[in-house]
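Analysis of the macromolecular model
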Amino acid sequence: MRTYERYWWWVKKKKQMALVLFMIVTLMLQLQMKGCVGCLETERMGLLQLKNGFKVEEESMLKSWSHDDPSSDCCHWKRVKCSDATTGGHVVHLSLDELIPASYELENQSPNLSLFHSFPRLQNLKLSFNKFSDLFDPINVLTGMPMLQELDLSNNGFTDFDKLGVMLPSSLHVLNLANNQLPSTPKGYLKICALMNFRELDLSSNALTNTPYCLANLSRLRTLDLSENKISGDLSSFVPGLPSTLEYLSLFDNDFNGSFWFSSLANHTRLTVFKLSTKLGTIQTQAESSWLPPFQLKILKLKKFNLGSTIPSFLAHQHDLRSGLCRIIQGWRLLD
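Keep in mind it's a predicted model, so treat the numbers as computed, not measured.

**Describing helix 2 (residues 41-53)**
Between the first and last C-alpha of helix 2 there are 18 Å, a value that for 13 residues agrees with the 18 Å anticipated at 1.5 Å per step. Listing the buried residues of helix 2 in full gives Glu 43, Arg 44, Gly 46, Leu 47, Leu 48, Leu 50 and Lys 51. Each element contacted by the buried residues of helix 2 is listed here: strand 1 (80-82) and strand 2 (91-95).

Right, here's the structure in full:
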């Protein structure tokens, strides 16, 4: 009987060891596969077509994108990132910023976005610092990118807000249009405000003039930068209507005038950064009854404010600002 029991005990242990070994080998294979899968041939050829279409010189920053070695893994090329093996090894990130450091062949060009049709899983696209003035998208590739979440078109020369707005995909979470020449247009604003998945929107350093009230529709927005424009209007009606989800709000260096109530920020329970100034005259702060702010600011930047003689009581509740509160108080006295 004892021999029989020892035999089954031995069999049980062997099974357990085999199971553990199987799990270890499986895990090792999964770890080896991640990041080691080669890019798809269609996407490799698409990158080479993209390089030719952008007329990038061979000695440029895309030198690693080469025809010479057919076995070259494009997932290891500079400015390219791919997903891991579990999701097919697709190109998901392209950094095509600053393609013209020495040559100005791309200046005032309109890149042909149909060249991106080979990248259906693209999530992040950077096209900043290229002096593009327009986008050419004859087959609506950009609009049809269902997984594109981040798009950087900053530091170019875009001027047609209406046309640009039509091209943007609804999947976008982050859009950077800073440092262009975009003017305010009702159609452009409406197209931007229809993209309900936005988390971050940067429209700073453009030529915007009208107050974009429709931004109130963006209920998931966390970061909004409208600084260094020419926006004018009534702050007391604009600021309270902005999404309550905002954590970062910059209205710095615009053309606002009139009065401002700090209680306009009362709905913004997550706000940590607030910046406001005007290039025209000064903004008058209004005396307010005591109110308890639901947020904790880490940065408060004000310029060209007529701050008056009374420090707003809400500052006493901003514990994260206390290290800089002396500077705020000194600035108050200087303007008194």
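**Comments concerning the environment of Phe 305**
By secondary structure assignment, the location of Phe 305 is in strand 13 (residues 305-306). Sequence separation of Phe 305 and Ile 283 is 22 residues, and the distance between their C-alpha atoms is 4.8 Å.

**With respect to the sheet that holds strand 7 (residues 223-225)**
Strand order across the open sheet formed by 10 strands is 1-2-3-4-5-6-7-8-10-12, with mixed pairing between neighbours. In this open sheet, the two strands that pair with only one neighbour each are strand 1 and strand 12 (299-303). Across the sheet, the mean angle separating the axes of adjacent strands is 10° when strand polarity is ignored. As judged from the three bridges shared by strand 7 and strand 8 (residues 248-254), these two strands associate in the parallel manner. Looking at strand 8, one finds that Leu 224 is bridged to Leu 249.

**Considerations on helix 4 (residues 186-193)**
Regarding helix 4, the residues found buried are Gly 188, Tyr 189, Ile 192 and Cys 193. Down the axis of helix 4, the smallest arc covering the buried residues is 130°, so these residues share one side. In helix 4, the exposed residues that point more than 90 degrees away from the buried face are Pro 186 and Leu 190. Structurally, helix 4 contributes buried residues whose contacts are with helix 3 (161-167), strand 5 (174-176) and strand 6 (200-202).

**Topic: the side chain of His 90**
Along the polypeptide, His 90 turns up in the loop between strand 1 and strand 2. For His 90, the side chain forms a polar contact with the side chain of Glu 43, separated by 2.8 Å. Excluding its chain neighbours within four sequence positions, the residues that come into contact with His 90 are Leu 40, Glu 43, Lys 81, Cys 82, Ser 83 and Arg 121.

**Some thoughts on the nonpolar core**
Taken as a class, soluble globular proteins show a tendency for nonpolar side chains to be buried jointly. In this structure, Trp 65, Leu 94, Phe 116, Leu 201 and Phe 260 are the most contacted members of the largest nonpolar core, which totals 78 residues. Listed by contribution, the elements that provide at least two residues to this core are helix 2, strand 2, helix 3, helix 4, helix 5 (235-241), strand 8 and strand 10 (273-278).

**Looking at the pattern of salt bridges**
Summed over the entire model, instances satisfying the criterion amount to three salt bridges. Across the salt bridge formed by Arg 44 and Glu 41, the nearest N and O atoms sit 3.9 Å from each other. In this pair, Arg 44 and Glu 41 are both assigned in helix 2, three residues apart and thus about one turn of the helix distant. Classification of Arg 44 by relative accessible area gives buried; the value is 5%. Among the salt bridges present, the one from Lys 163 reaches Asp 134, with a minimum N-O distance of 2.8 Å. Of this pair, Lys 163 sits in helix 3 while Asp 134 sits in the loop between strand 3 (124-126) and strand 4 (150-152), and the two are 29 residues apart along the sequence. With a relative accessible area of 33%, Lys 163 lands in the partly exposed category.

The rules behind the values
Residues numbered from 1 in each chain as written. Predicted model: local features only at pLDDT ≥ 70, side-chain atom pairs only at ≥ 80, totals over all residues. Heavy atoms only, no water. Helix = DSSP H or I, 4+ residues; strand = E, 2+ residues; numbered from the N terminus. Expected span 1.5 Å × (residues − 1). Buried < 20%, exposed > 50% of the residue type's maximum accessible area, 1.4 Å probe, protein only. Contact = heavy atoms within 4.5 Å. Pairing = 2+ DSSP bridges. Axes fitted to C-alpha atoms, helices over the stretch in contact; angles between N-to-C directions. Arc of directions from axis to C-beta. Polar contact = N/O pair within 3.5 Å; in protein donor to acceptor, adjacent residues only side chain to side chain. Core = buried A, V, L, I, M, F, W, Y, C linked by side-chain atoms within 4.5 Å. Salt bridge = Lys/Arg side-chain N within 4 Å of Asp/Glu carboxyl O.

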